[in-house]
Amino acid sequence: MIAAMASIPAKLAHSFVGAIDGLTRPPLLGIFAIVSAGIMWTAGLMYVVSFQGVLHPGGEHGVGDYLAFHTGAEIVATGQGDRLYDFELQYQVQSGLVGHALERWQPFVNPPAVALALSFIAKAGPDTSFRIWQAVMALALVFSLVAIRTSLPTISGHSFWITVLLVSSYPPLLRTVVGGQNTVLTLALLVGLYAASTSGRWLLGGLLLGALTYKPQYVPLLGVFLLVRGQFRIVAVGAVVGLGHYVAAAVLCGWDWPWAMLQAMAVYRPIEWAENVQTHFALIPFFDYVWSSPWNKVLVVPLGLAVWGCVLWGARRVTAGDPRLPALWGLAICGAMLTSPHLQYYDAGITAFPVLLGLETLLLRGRPPGRWMRLAIAVWFLAYPAYWYAQTLGFQPLTLGLAGIFLMLSCMLRRQEPA
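Rules of the game
Residues numbered from 1 in each chain as written. Predicted model: local features only at pLDDT ≥ 70, side-chain atom pairs only at ≥ 80, totals over all residues. Heavy atoms only, no water. 1 Å grid on protein atoms, 1.4 Å probe; cavity = no way out; pocket = protein on both sides within 12 Å on 5 of 7 lines; lining within 4 Å. Points joined across faces, edges and corners; volume = space filled by probe spheres on them. Helix = DSSP H or I, 4+ residues; strand = E, 2+ residues; numbered from the N terminus. Nonpolar A, V, L, I, M, F, W, Y, C, P; charged D, E, K, R; others polar. Phe/Tyr/Trp six-rings, centres within 6.5 Å; stacked < 30°, edge-to-face > 60°. Lys NZ or Arg CZ within 6 Å of the ring centre and 35° of its normal. Core = buried A, V, L, I, M, F, W, Y, C linked by side-chain atoms within 4.5 Å. Buried < 20%, exposed > 50% of the residue type's maximum accessible area, 1.4 Å probe, protein only. Contact = heavy atoms within 4.5 Å. Patch = residues over 30% accessible without salt bridge, like charges linked within 9 Å, V, L, I, M, F, W, Y side chains within 5 Å. Areas by Shrake-Rupley, 256 points an atom, 1.4 Å probe, with all protein chains shown as cover. Salt bridge = Lys/Arg side-chain N within 4 Å of Asp/Glu carboxyl O.

S.K.: Describe the layout of surface pockets, with residues and values.
M.R.: Estimated volume of the second largest pocket: approximately 930 Å³. Thr24, Leu29, Leu166, Leu359 and Ile377 are, among the 32 residues lining the second largest pocket, the residues nearest its centre. For the lining of the second largest pocket, the secondary-structure elements that each account for two or more residues are helix H1 (2-23), helix H2 (28-50), helix H7 (153-168), helix H17 (352-364) and helix H18 (371-382). For the lining of the second largest pocket, the class distribution of residues is 26 nonpolar, 4 polar and 2 charged.

And the structure:
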């Protein structure tokens, strides 16, 4: 009897492992993907259909970051671009857009690209413009999925429709499609950049890298990464597009707009940090929240350098035909995220692509992911709501997930194995 009782934990562990094995691969994985897509797409569609304007009945706006984007667009459209980063003007414009003075409002502190683009539809009003924004974000998601289809042939050959269902229903990603953020646009640029650079389409790659200057925190590491890999034409075209971004903004917003933007960020960052640092999940905000002392930089600086060093070490050693190339790109994207000074919780949607890149490398090597890796990916897929518990935990748990993906991908680069 004692022996039988002693065997119970082993049987339970065996059953648990078996359940993981079955739930994280077809056909059960396909069933989960269909259910997930059904739930998330229905929720997203309900939000789109129920949208009645930029204000909720309680008076708060319900369009995420979009109201800040539209505020910048309205300023540019009315010929006041030289005051784009004037917070007093921004407050007046934003209060006018919602119809009353706001107690809590969100300033525009981004590079001018989004404001310039949206200025062409600003006259349609914030409600209609927000609908257009949602449509553009939906197209960005479709572009991302098409680019994944063409650039990750091994995954696409195994389970492309499961991939489509899971990526398009990934909560932080779908949230940004309908909710007014721009995460899915950033994802589209990153997926397109990978697809273009690995297929020799340097002109398209340069255009996408230049467009990424609307999110400048991703550009330094990826730019250096491409230079180390010898993809000079992509970087050159990207630099020209980035210069075009500056010139177009200089015409409408003044030649010194970068300085004005940095001044505005210097004013806004302490306010935003005090309210939202716990929901950011890059290295800098993680340690600022866990250990709010100037000494936390003693950890952040060497960790950031280590991240850059790992990415650039891989960039020099992984050749174009190496099956580890997808994992290397995933590592570079995760590295850019980890070392970003600003990475809000919904940007976790971008991690779907590095995970897929890691899986592509495993499949190219003829090594499907083991059950424990599949469990880890499943936990990450489901763990997004954990960001709510940062105050309870004393740290932002999404940071650990991002760091875990980075470490997983770095392990894939340690040695070359036959495909």
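Picking up where we left off.
S.K.: Please set out the packing of aromatic side chains residue by residue, giving values where relevant.
M.R.: Under the criterion given, the structure shown has 21 aromatic pairs. Taken together, Phe51, Tyr66, Phe69, Phe130 and Trp133 form an aromatic cluster joined through their ring pairs. If you follow Arg149 out to its NZ or CZ, it ends over the ring of Phe160, 5.4 Å from the centre. The cationic tip of Arg269 hangs over the ring face of Trp273; the distance from NZ or CZ to the ring centre is 3.9 Å.

S.K.: Break down the nonpolar core for me, citing the residues and quoting the values.
M.R.: Looking at soluble globular proteins, one finds that nonpolar side chains tend to be buried together. Counting 121 residues, the largest nonpolar core has Leu152, Tyr218, Phe225, Trp329, Met337, Phe353 and Leu409 as the members making the most contacts within it. In terms of residues, this core owes the most to one element, helix H16 (residues 325-338), which gives 11 residues. Leave out the neighbours within four places in its chain, and Leu409 touches Ala327, Gly330, Leu331, Cys334, Pro354 and Gly358.

S.K.: A description of a nonpolar patch on the surface should follow, citing residues and the corresponding values.
M.R.: A surface patch of nonpolar side chains, about 590 Å² in accessible area, is lined by Val290, Trp291, Trp295, Val298, Leu299 and Leu303. When residues of the nonpolar patch are assigned to their parent elements, the largest contribution, 3 residues, is made by helix H15 (residues 297-317). Its location among the elements puts Val298 in helix H15.

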